Amino acid sequence: MGSAGLSEINFRLGWPNPGLLPVKELQSASQTALSKSEALTKDSLLEYGPDHGYIPLRNSIATWLSSFYQPKAAVTADRICISGGASQNLSCVLQAFTDPAITQYIWMVAPTYFCACRVFDDVGFAGRLRAVPEDDEGLDVVFLAEELARCEPPTPISMPATKTRRSWNKTYRHVIYAVPTFANPSGRIMSLARRETLVRIARQYDALVVTDDVYDMLQWDCQPSKGQNVRKTACQPRVVDIDAYLDGGPIDDFGNSVSQGSFSKILGPGLRTGWAEGTLRFAWGLSQCGQTRSGGCASQFTAAILSEMVETSLPQYMQTVLQPTYARRYRTMMDAVVRHLLPLGISTPVPDRSGTVGGYYVWLQLPETVRAAEVVKVAREEMNLLLHPGSLFLVEGDASKCQLSFLNGVRVCFVWAEEELIVAGVERLAAVVEALSA
Ligand SMILES: Cc1ncc(COP(=O)(O)O)c(C=O)c1O
């Protein structure tokens, strides 16, 4: 094998495909937003904005989420805070609702979205991240409940409180982090039963469940014959929706769940805008975190453009461009995986019973005859094929055995690389695995 003359195929990058970015829609929404000079000055689009974020965007997101998730009670704008994206929001959530002197552990789904580890580290939780395994039904809630039970009664943490107690927030004893729908990296969907159990566990152990719900709207049927490229409603309620009704609703005003949404995966990460949803009191407490109180919420100006888009072109763009195109790419990749990789002993997670699949990623578990690190290295050096190995998705600092199961896997993204390269990329991977197994 030799990479000479092979063009790069990038299955590594989890970014939206540049050719599909909604340039025209954003231009038009920007023009409309900029033409409203009143809004630019009197509504203070170019000044500091409200702590919760730009009110028209909160309203339009609330309407949009209500129609997509169809929760038992409609989403209201006062449950929503605008953010600078899911990662920035995670940082604010931790600043407002945790204290390393009181919050014991951060429980993270494993394999995990690797960038989240550093956000936890930044706010003082280095060495206190704990892995919770995942199977085809999502987070292993039995494992989680057993581990949390082991933390009872709470052992006092030998350090003074790092934060001033404020009336608008509370300090949770644990944080549970997950990506319940179309997980990064596994692509899995957490079942409804698991989601409900998760809420009950969080309530029992004073935990805050933080979910990155950033891929939920990119969904389609795994069977092309069903022809359902466009799904207009969510395949599962969010954990925050379940917390709103389960067993009579939240056990206190703050609730036990926050949903992090983002425009990064559906419009473009350069917009750096997202939203958080929780109970009214949680949303208010989040908006009072120091960095937000200093002049109001992130992305005030961008929010005006996005508000136009959510109300006008976004649903159409999702239904006619993104979902059908990503569905086609996904199926192209899976056809190639079935043809070239499954015969080599590579496996992928089983889709849930509804047959819904989506997001950006396919997880490939490699056979014991090869090592993922070696496969990734040889693929890069000799085939100009870029992949992420399972080791990238370890929960940092947790040496438990439950992290071993996915080390010998690779994540492939079917969104970034051009469609005509997807089959070639899978063929290159097959050639590498075959050569290394020999
Ligand atoms: C699970 C997950 N959460 C958050 C993010 C980042 O979102 P944002 O750009 O809104 O910070 C990503 C991006 O890859 C992701 O996969």
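Keep in mind that this is a model prediction, so the values were computed, not measured.

A. Expanded view of the site of the ligand. Close to the ligand lie 14 residues; Asp212, Tyr215, Ser262, Ser264 and Arg272 are nearest. Interatomic distance of 2.7 Å between a backbone N/O atom of alanine 86 and an oxygen atom of the ligand. For the ligand, a nitrogen atom lies 2.6 Å from a polar atom in the side chain of aspartate 212. Isolated, the ligand exposes 400 Å² of accessible area, and the fraction of that covered by the protein chains is 94%. Of the residues assigned to the shell around the ligand, the class counts are six nonpolar, five polar and three charged.

B. Quick look at the domain arrangement of the protein chain. Annotation of the protein chain at the domain level lists domain 1 (9-21 + 315-437) and domain 2 (28-313). The C-alpha centroid of domain 2 is placed 26 Å from the C-alpha centroid of domain 1. Across the boundary between the two partners, domain 1 contributes 41 residues, which contact 46 residues of domain 2. Summing the contributions of domain 1 and of domain 2, the shared interface buries around 3800 Å²; its carbon and sulfur component is 62%. At the boundary of domain 1 with domain 2, the tally comes to zero salt bridges. On the surface where domain 1 and domain 2 come into contact, there are 16 residue pairs in polar contact (both at pLDDT 80 or more). Those elements that provide at least two residues to the side of domain 1 that touches domain 2 are helix H12 (314-341), strand S11 (356-358) and strand S12 (361-365). By residue number, the principal contributor to the side of domain 1 that touches domain 2 is H12, which donates twelve residues.

C. Up close: the pairing of strand S15 (residues 409-413). For S15, the buried fraction is high: five of the five residues fall into the buried class. Side chains of S15 alternate between two faces, with Gly409, Arg411 and Cys413 and Val410 and Val412 buried alike. In terms of strand pairing, S12 meets S15 through five bridges, oriented antiparallel. Along S15, the bridge assignment pairs tyrosine 361 with cysteine 413. Where strand S14 (residues 388-389) meets S15, two bridges bridge the pair, whose relative direction is antiparallel.

D. Layout of the pairing of strand S3 (residues 105-110). Burial within S3 is extensive, with five of its six residues counted as buried. In the sheet, S3 pairs with strand S6 (residues 174-178) via four bridges, with the strands oriented parallel. Paired with tryptophan 107 across the bridge in S6 is isoleucine 176. Both S3 and strand S4 (residues 129-135) contribute to a ladder of five bridges, which runs parallel. The partner of valine 109 across the bridge, within S4, is valine 132.

E. Quick peek at helix H1 (residues 23-35). Compared with an ideal rise of 1.5 Å per residue, which puts 13 residues at 18 Å, H1 spans 18 Å between its outermost C-alpha atoms and is within 8% of the ideal. Of the residues making up H1, those classed as buried are Leu26, Ala29, Ser30 and Ala33. Angularly, the buried residues of H1 cover 105 degrees about the axis, an arc narrow enough to put them on a single face. Residues of H1 that are exposed and point over 90 degrees away from its buried face: Lys24, Gln31 and Ser35. Check the buried side of H1 and you find it contacts helix H11 (300-311).

F. Structural view of the layout of surface pockets. Estimated volume of the largest pocket: approximately 470 Å³. Lining the largest pocket we find 24 residues, and of these Gly14, Tyr113, Cys115, Tyr215 and Lys265 sit closest to its centre. At the level of secondary structure, the elements contributing two or more residues to the lining of the largest pocket comprise helix H4 (86-97) and helix H5 (114-125). Grouping the constituent residues of the lining of the largest pocket by class yields twelve nonpolar, seven polar and five charged. A domain split of the lining of the largest pocket shows at least three residues from each of domain 1 (9-21 + 315-437) and domain 2 (28-313). As a volume, the second largest pocket reaches approximately 380 Å³.

G. Region of the structure containing the sheet that holds strand S2 (residues 80-83). The strand order across the open sheet formed by eight strands is S2-S10-S9-S7-S6-S3-S4-S5, and the pairing between neighbours is mixed. Every other strand in the sheet has two partners, leaving S2 and strand S5 (138-139) as the edge strands with one partner each.

H. Representation of the sheet that holds S14 within the structure. What the three strands build is an open sheet, ordered S12-S15-S14; its pairing is antiparallel. Since the sheet does not close on itself, it has two edges, and those belong to S12 and S14, each with one partner.

I. Region of interest: a nonpolar patch on the surface. Together, Leu34, Leu46 and Phe301 line one region of the surface with nonpolar side chains, adding up to about 280 Å² of accessible area. Here phenylalanine 301 is to be found in helix H11. Owing to a relative accessible area of 31%, phenylalanine 301 belongs among the partly exposed residues under this scheme.

Parameters at a glance
Residues numbered from 1 in each chain as written. Predicted model: local features only at pLDDT ≥ 70, side-chain atom pairs only at ≥ 80, totals over all residues. Heavy atoms only, no water. Near = heavy atom within 4 Å. Polar contact = N/O pair within 3.5 Å; in protein donor to acceptor, adjacent residues only side chain to side chain. Areas by Shrake-Rupley, 256 points an atom, 1.4 Å probe, with all protein chains shown as cover. Nonpolar A, V, L, I, M, F, W, Y, C, P; charged D, E, K, R; others polar. Domains from an automatic or database assignment. Contact = heavy atoms within 4.5 Å. Buried area = accessible area lost by both parts, 1.4 Å probe. Salt bridge = Lys/Arg side-chain N within 4 Å of Asp/Glu carboxyl O. Helix = DSSP H or I, 4+ residues; strand = E, 2+ residues; numbered from the N terminus. Buried < 20%, exposed > 50% of the residue type's maximum accessible area, 1.4 Å probe, protein only. Pairing = 2+ DSSP bridges. Expected span 1.5 Å × (residues − 1). Arc of directions from axis to C-beta. 1 Å grid on protein atoms, 1.4 Å probe; cavity = no way out; pocket = protein on both sides within 12 Å on 5 of 7 lines; lining within 4 Å. Points joined across faces, edges and corners; volume = space filled by probe spheres on them. Patch = residues over 30% accessible without salt bridge, like charges linked within 9 Å, V, L, I, M, F, W, Y side chains within 5 Å.

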